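Analysis of the macromolecular model
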Amino acid sequence: MSRRNKFAIEPTCIAATPRFAASFPLFWPDDFPVPRTRLALSLTAALAAGFIAPLAHAQSRAEYDPALWVLCRPNALYEFHRPDLGNESERDKVQTTLYAESFDIHDKHDYVLSGNVEILRADQRVAAALMRYDPERETWSAQGQVQYQDSGMLMEAARAEGELEGDRAELHSLRYQLLRMRGNGEAERATNAGDKSQLDGVSYTTCDPGDRQWLIRAGRLDIDQAEGIATVRNATLHLGKVPLLYLPVASFPIDDRRKSGFLFPSIGASRSRGFDIAAPYYLNLAPNYDATLIPRLMTKRGVMLGAQFRYLSENHRGEVYGAWLPNDDQTGADRGTLTWEHRGRLSDHWQVVSNINHISDDRYFEDFGDSLSMAATSLLESQAALIGRGAYWNASVAVQEWTIADPYISSNAEPFRRLPRALFSWEQPFAGGLSTGLRSEGVVFEHSQRPGATRVDLYPYLAWRHERAAGFLRSELGLRHTQYQLDSDYRSAYPDASPSRTTPILSVDGGLVFERPVNWFQTPMLQTLEPRVYYLSVPYRDQSHLPVFDAQELGFSWGQLFRPNRFAGADRQSDANQATLAVTTRLFEAASGRERLSASLGQIRYFQDLRVQMPNVAAVDRSGSAYVADTELMLDDRWSIGISQQWDPSRELSDLSTLRSQFRWGDAGVLNFAYRFRRDARTGTADRVTLEQFDVSALVPLNDRWRLVGRWNYSLLDDSTLEAFAGVEWENCCLATRILARRYVRNIESERNTSLYVELELKGLSTLGRKSGQLLERAILGYTH
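Remember, it's a predicted structure, so these values are computed and weren't measured experimentally.

Moving on to the overall build of the protein. Tallying secondary structure elements over the protein gives four helices and 46 strands in all. Of all 785 residues assigned to the protein, the portion counted as buried reaches 43%. When contacts within the protein are restricted to residue pairs at least 6 apart in sequence, those whose partners lie at least 24 apart make up 50%. With an accessible surface of roughly 39600 Å², the protein has 55% of that area assigned to carbon and sulfur atoms.

Given below as structure tokens:
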């Protein structure tokens, strides 16, 4: 009896049979002819690992999102569920205990356990009304509501039998329920032999057991745990009582090993492409790389062949995507795209990144893109770079080029390629807030129709910074030198083949922060007053002898008030003798510190004319810039308003006006309104309005199940709708659907496209149809699934 603590049998009552009666704890005898744990654990394994556990693991491979099941009732557990069992982590640490009211071993060929038979180990429980064991044949059977439970599932069968020698088990009329994830179903019969299992007449759903609005039924399911594959035969997906999809045979992985096979198709329709269906096929090539083939049928275009390749190593990862449409039915030309994204770590300080993009023609995005922003893409950038970073330095070497994606941009207007472009910045801090540094750039420009050049831009500087909670003072003195080496084709326009520009730059930036307590609508607040002065001095240098490769004047904004240059790119350095005067005030809740109001006003005062301009632009003679005002107001936790305004006092006109507002209600309701107006201030005319439009979008929950979505983006300048869509969403515990009709401008000629999105989500399984979630997240600020 030295090992009797391993399998304890404690009678729950005095047995009624004359063969065995006891009112005290009994233990499995040492001379019992079968190993004490083998029978109990064999039955446990047959019920758990052989059948439903692989399916539970297959479902759990997707990330579990509790928000997906908010409309479900608390998991209606089977009636035999026991919430008081142990933890899964204790299985190897605790003894396996067997309980029974009667234990009959008089017949050496038939051992019988009867009366509330129960096997317990940590979180595992097996129960039956009757269990029998034949030690000579090593067979066992269990009858009368054979139940199994662990931390991941519940299962019940009418009866079960098996043999130890062949590690075989068979269950009849079983039902199961997953606990960590949602999922339940039945099977007429299940057999298990070693690593292989077979279920006949099996079903599965994530709906509540009593309300199965979708269900998968299969004539047979084969599970091979050694290969990590489950194969289903004669499977039918039912939506309610209506069969929706039939698969004569299909297979899927049941563990972390991936498997090649078809993915769920994407289906849609649009005016420019017709009926549109894609059927991706996944290829599991190796543990660290895979591919997806994407044949796509568009009834108005033809058959497009797409492919995606992904790879991953210890220090590198990336993705290659391509699509090719031979002989487009609309244009008669071959169409296609190619993209390569890569990121790799070379060392602790260096990494390599690339984003290579190619399209076959300048109308590819408007014909095959699904968004207004994609259709509005005029230049497609490609870049590959080596990037380094240290304690006080940053460096990069990159190659960049652009592809024209707009038919109205001539090839002559294509930006110069940078082959390569090198950047280096360094700053060394010293005591007392003093620091010195260098910002530099070297670039080689090339173009298919214009002569190229080499440019080097150096900016060494000395800076002093003093920053405290009550304010800050920053000053910087630097010298900017830009040197060119022009190709010989520039001789007629620029006789000097190696022009240069050198100019000092001085800036002083200071601000203060004042605070005081106030009451705002009976709420204790903390108000700040933050005046700021920025002075910039850059002497004038004639730059008409310098060609323009990548410089352009920046749009005016709040940030432009405090920049040392009005231009992007090194071809132009603005002259300046000016001061920016700005002030900001904020209101914070005293209790929570949450910002309720932020209001800012600023203007640049010019002490001399702005003489440095882009070619063919006259100097600007004015005493001050436009006033820039920004206001953000949080009326409460649900309602916010933002206003931006640029008003030119010399012309007494608004150059820019924006109004944006958002109102939220309930758990998901949101209403957005935006108005945008922009005038081209550089023309100096009163009628050069470049943009005026409003944008309204909303997500309106009608109740827990129904929601309306919509957007209307309208151009007042063109008197036309840029994009409009409306749709309805419905969901319950295990099913969701979305129908969306959309009309939008697809190209610069204002031609319109009409699309219909129909999406059906079987929660916990997959989504059928054309996905529109990303479209709604982009178009409706604050949209949530």
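Another point: the side chain of Gln 578. You can see Gln 578 is positioned in strand 35 (residues 576-589). A relative accessible area of 7% places Gln 578 in the buried class. Those residues in contact with Gln 578 that sit more than four places away from it in its chain are Tyr 534, Tyr 535, Leu 536, Ile 604, Arg 605, Tyr 606, Phe 607 and Leu 610.

Attention shifts here to the packing of aromatic side chains. All told, the structure shown has 24 aromatic pairs when counted by the stated rule. Each ring, one from Phe 445 and one from Phe 549, has its centre 4.7 Å from the other, and the planes form 5°; the classification is stacked. Of this pair, Phe 445 sits in strand 27 (residues 434-446) while Phe 549 sits in the loop between strand 32 (523-538) and strand 33 (552-553), placing them 104 residues apart in sequence. Ring centres of Trp 520 and Phe 521 lie 5.3 Å apart, and the angle between their planes is 55°; this geometry places the pair in the tilted category. Take Trp 520: its relative accessible area is 23%, and that puts it in the partly exposed class. Taken together, the aromatic side chains of Phe 416, Phe 445, Tyr 484, Tyr 490, Tyr 494 and Phe 549 make up a single cluster linked through ring pairs. Across the ring face of Tyr 461, the terminal group of Arg 439 is positioned such that the distance to the ring centre comes to 4.4 Å. Across the ring face of Tyr 744, the terminal group of Arg 742 is positioned such that the distance to the ring centre comes to 3.8 Å.

Counted by the stated rule, this structure contains one disulfide. Note on cysteine connectivity: Cys 207 is disulfide-linked to Cys 734, with sulfurs 1.8 Å apart. On the sign convention where negative means left-handed, the S-S torsion of about 80° between Cys 207 and Cys 734 marks this disulfide as right-handed. Taken together, the residues span a long stretch of sequence, with Cys 207 in the loop between strand 11 (196-204) and strand 12 (214-224) and Cys 734 in the loop between strand 43 (720-731) and strand 44 (735-745) at a distance of 527 residues.

Enumeration according to the criterion identifies 51 salt bridges in this entry. We note a salt bridge from Asp 571 to Arg 455, for which the minimum N-O separation is 2.7 Å. Here Asp 571, found in the loop between strand 34 (567-568) and strand 35, pairs with Arg 455, found in strand 28 (residues 453-468); they are 116 residues apart in sequence, far enough to count as distant. We note that Asp 571, like Arg 455, is buried. One salt bridge in this structure joins Arg 532 and Asp 509, with 2.5 Å as the shortest N-O distance. Linking Arg 532 in strand 32 with Asp 509 in strand 30 (residues 500-512), this pair joins segments that are 23 residues apart in sequence.

In this section: the nonpolar core. Among the nonpolar cores identified, the biggest contains 45 residues, and Leu 113, Met 131, Leu 171, Leu 174, Leu 199, Trp 214 and Leu 221 are the most heavily contacted of them. Of all the elements, strand 9 (residues 168-178) adds the most residues to this core, at five residues. Within the second largest apolar cluster, 15 residues are counted, among which are Ile 505, Tyr 534, Phe 562 and Ala 582.

A cluster of nonpolar side chains, contributed by Phe 430, Leu 434, Leu 462, Trp 464, Leu 473, Leu 477, Leu 506 and Val 508, occupies part of the molecular surface with about 650 Å² of accessible area. Looking at the nonpolar patch, the elements that each hand over two or more residues are strand 28, strand 29 (471-486) and strand 30. Checked against the element boundaries, Leu 434 lands in strand 27. By relative accessible area, Leu 434 is classed as partly exposed at 34%.

Let us now look at the environment of His 447. Among the structural elements, His 447 can be located in the loop between strand 27 and strand 28. In this structure His 447 comes out as buried when scored by relative accessible area, which is 11%. Sequence separation between His 447 and Glu 414 is 33 residues; the distance between their C-alpha atoms is 8.1 Å. Apart from residues no more than four positions distant in its own chain, His 447 is found in contact with Ser 411, Asn 412, Glu 414, Pro 415, Phe 416 and Arg 417. In terms of polar contacts, His 447 uses its side chain to reach the backbone carbonyl oxygen of Glu 414, at 2.7 Å.

The next thing to look at is the pairing of strand 35. With 14 bridges connecting them, strand 32 and strand 35 associate as antiparallel partners. Within strand 35, the residue paired with Met 525 across the bridge is Glu 589. Where strand 35 lies against strand 36 (residues 595-606), 11 bridges are found, and the strand directions are antiparallel. Looking across to strand 36, one finds that Thr 584 is bridged to Ser 600. Counting the residues in the hairpin turn of strand 35 and strand 36 gives five residues, including Gly 593, whose phi is positive at 80°.

This part covers the pairing of strand 24 (residues 379-389). As paired elements, strand 23 (residues 350-359) and strand 24 share six bridges and run antiparallel to each other. Note that in strand 24 the partner of Gln 351 across the bridge is Ile 387. Pairing of strand 24 with strand 25 (residues 393-404), which is carried by 11 bridges, proceeds in the antiparallel orientation. Counterpart to Arg 389 in the pairing with strand 25 is Asn 394.

What follows concerns the environment of Thr 454. Residue placement: Thr 454 occurs in strand 28. Under the relative-accessibility criterion, Thr 454 is labelled partly exposed at 33%. Once the C-alpha coordinates of Thr 454 and Tyr 484 are considered, the two residues, 30 residues apart in sequence, prove to be 5.6 Å apart. Beyond its immediate sequence surroundings of up to four residues, Thr 454 is in contact with Val 443, Val 444, Gln 483, Tyr 484 and Gln 485.

What follows deals with the confidence of the model for the protein. Caution is warranted with low-pLDDT regions, since their predicted coordinates should not be read in detail. Mean pLDDT over the protein: 84, with 88% of residues reaching 70 or higher. Here strand 2 (residues 26-27) stands out as the element of the protein with the lowest mean pLDDT, 35, in contrast to strand 30, whose mean of 97 is the highest. With pLDDT under 50 throughout, residues 1-38 is counted as low confidence; its partners more than four residues away or in other chains account for 68 contacts.

With that out of the way, let us pick up the side chain of Thr 206. Along the chain, the position of Thr 206 falls in the loop between strand 11 and strand 12. Overall, the relative accessible area of 0% leaves Thr 206 in the buried class. At 2.6 Å, the side chain of Thr 206 and the backbone oxygen of Lys 763 are in polar contact.

Conventions and cut-offs
- Starting afresh in each chain, residues are numbered from 1 along the sequence in its written order.
- Given that the model is predicted, a residue must reach a pLDDT of at least 70 before its local features are reported, and side-chain atom pairs must reach 80 or more before they are shown or counted; all residues, however, enter totals for whole chains, interfaces and linings.
- Think of the side-chain values as coming from all heavy atoms in the structure, minus any hydrogens and water.
- We count a stretch as a helix when DSSP gives it H or I for four or more residues in a row; a strand needs E for two or more, and each element gets its number in order from the N terminus.
- For every residue, the accessible area (1.4 Å probe, protein chains only) is compared with the maximum for its type, and the residue is labelled buried under 20%, exposed over 50%, or partly exposed between those bounds.
- The contact rule is simple, with two residues in contact once any of their heavy atoms fall within 4.5 Å.
- Each accessible area is a Shrake-Rupley result for a 1.4 Å probe, and residues are judged covered by the shown protein chains and nothing else.
- Here is the rule: rings of Phe, Tyr and Trp (six-membered ring for Trp) pair when centre to centre is within 6.5 Å. Planes less than 30 degrees apart are stacked, more than 60 are edge-to-face, and the remainder are tilted.
- Any Lys NZ or Arg CZ that is within 6 Å of a ring centre and within 35 degrees of that ring's normal is treated as a charge sitting over the ring.
- Criterion for a disulfide: a pair of cysteine sulfur atoms at a distance within 2.5 Å.
- A carboxyl oxygen of Asp or Glu within 4 Å of a side-chain nitrogen of Lys or Arg is what we treat as a salt bridge.
- Buried Ala, Val, Leu, Ile, Met, Phe, Trp, Tyr and Cys residues form a nonpolar core when they are joined through side-chain atoms within 4.5 Å.
- Patch membership needs two things, relative accessible area over 30% and no salt bridge, and members are linked within 9 Å if like-charged or within 5 Å if nonpolar (Val, Leu, Ile, Met, Phe, Trp, Tyr).
- Counting of polar contacts relies on pairs of N or O atoms within 3.5 Å, with two restrictions inside protein: one atom must be capable of donating a hydrogen and the other of accepting it, and residues adjacent in sequence are counted only when both atoms are side-chain atoms.
- At least two bridges found by DSSP between two strands is the condition for calling them paired.
- For every residue, the predictor reports its confidence as pLDDT, a number between 0 and 100.

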